[in-house]
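# Structural features, examined
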Amino acid sequence: QVQLVESGGGLVQAGGSLRLSCAASGSIFRVISMGWYRQAPGKQRELVATITSGGSTNYVDSVKGRFTISRDNAKNTVYLQMNSLKPEDTAVYYCKAIRLGLDYWGQGTQVTVSS
């Protein structure tokens, strides 16, 4: 079992920044990949960014150049630095970990960007 706890969401004006954190605990050995997903009202959950245990990253096109995913292995924490936020970034952001073929999700954190 892997437990994930997100934090750092909130309300910000367009053009502002937020940093999300996802702290992992439990059976974190062999966690292959971690990532951030988001779900806006009335829309499907979508990938935002992922990072492997080796540090390789992947981003959805809409956030490239604005968002940065990183991980601190010593703290078992993954971060999502979000800059130049836009109203369309408004969503609940979820952290996900993949371990031994299973997906683990956090409870989500709300990000609201006002225009």
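Scroll up a little and you will see the structure.
Since the structure is predicted, the reported quantities are computational estimates derived from the model, not experimental observations.

Turning to the overall build of the protein chain, a few remarks are in order. Counting secondary structure elements, the protein chain contains zero helices and 11 strands. Start at the N end of the protein chain and walk to the C end: the helices and strands fall as β-β-β-β-β-β-β-β-β-β-β. For the protein chain, whose C-alpha radius of gyration is 13 Å, the value lies close to the compact-globule estimate of 13 Å for 115 residues. For the protein chain, the spread of C-alpha atoms along the three principal axes comes to 40 × 25 × 20 Å. Across the 115 residues in the protein chain, those meeting the buried criterion constitute 41%. The long-range fraction of contacts in the protein chain, counting pairs at least 24 apart against all pairs at least 6 apart in sequence, stands at 53%.

The next thing to look at is the sheet that holds strand S3 (residues 18–26). Across a sheet, paired strands are connected by hydrogen bonds in the backbone, their directions being either parallel or antiparallel. Taken in spatial order, the four strands line up as S1-S3-S8-S7 in an open sheet, and their pairing is antiparallel. Edge positions in the sheet fall to strand S1 (2–7) and strand S7 (67–72), since each of these pairs with one other strand and no more. Pairwise comparison of adjacent strand axes, ignoring direction, gives a mean angle of 15 degrees for this sheet.

Turning to the side chain of Arg 38, a few remarks are in order. Within the fold, Arg 38 resides in strand S4 (residues 31–39). By relative accessible area, which is 5% here, Arg 38 ends up buried. Separated by 2.7 Å, the side chains of Arg 38 and Glu 46 make a polar contact. Separated by 2.9 Å, the side chains of Arg 38 and Tyr 93 make a polar contact. Contacts of Arg 38, omitting those with residues within four sequence positions, involve Gln 44, Arg 45, Glu 46, Val 48, Ser 62, Val 63, Phe 67, Asp 89, Ala 91, Val 92 and Tyr 93.

So, about the nonpolar core. Residues Leu 4, Met 34, Trp 36, Leu 80, Met 82 and Tyr 93 are the most contacted members of the largest nonpolar core, which totals 29 residues. Sorting the residues of this core by element identifies S1, S3, S4, strand S5 (46–52), S7, strand S8 (77–82), strand S9 (91–99) and strand S11 (109–114) as the ones contributing at least two each. When neighbours within four sequence positions are excluded, Met 34 is seen to be in contact with Leu 4, Cys 22, Ala 24, Ala 49, Thr 50, Ile 51, Ile 69, Arg 71, Val 78, Cys 95, Lys 96 and Ala 97.

Relative to the elements of secondary structure, Asp 89 occurs in the loop between S8 and S9. For Asp 89, a relative accessible area of 1% corresponds to the buried category. Polar contacts involving the side chain of Asp 89 include one to the side chain of Arg 66, which spans 2.8 Å. Residues within four places of Asp 89 in sequence aside, it is in contact with Arg 38, Arg 66, Phe 67, Ser 84, Val 111 and Val 113.

Quick look at the packing of aromatic side chains now. According to the stated counting rule, one finds two aromatic pairs in the structure shown. With a centroid separation of 5.1 Å and an interplanar angle of 70 degrees, the aromatic rings of Tyr 37 and Trp 105 are classed as edge-to-face. Remark: Trp 105 occurs in strand S10 (residues 102–105) and Tyr 37 occurs in strand S4; sequence separation between them is 68 residues. Both rings, one in Tyr 94 and one in Trp 105, keep their centres 6.4 Å apart while their planes meet at 85 degrees; by these two values the pair is edge-to-face. Pair noted here: Tyr 94 is in strand S9 and Trp 105 is in strand S10, with a separation of 11 residues, a long-range link. Using a relative accessible area of 14% as the deciding quantity, one classes Tyr 94 as buried. Accessibility expressed as a relative area gives 34% for Trp 105, which makes it partly exposed.

Rules behind the numbers
Residues numbered from 1 in each chain as written. Predicted model: local features only at pLDDT ≥ 70, side-chain atom pairs only at ≥ 80, totals over all residues. Heavy atoms only, no water. Helix = DSSP H or I, 4+ residues; strand = E, 2+ residues; numbered from the N terminus. Rg over C-alpha atoms; globule rule 2.2 N^0.38 Å. Buried < 20%, exposed > 50% of the residue type's maximum accessible area, 1.4 Å probe, protein only. Contact = heavy atoms within 4.5 Å. Pairing = 2+ DSSP bridges. Axes fitted to C-alpha atoms, helices over the stretch in contact; angles between N-to-C directions. Polar contact = N/O pair within 3.5 Å; in protein donor to acceptor, adjacent residues only side chain to side chain. Core = buried A, V, L, I, M, F, W, Y, C linked by side-chain atoms within 4.5 Å. Phe/Tyr/Trp six-rings, centres within 6.5 Å; stacked < 30°, edge-to-face > 60°.

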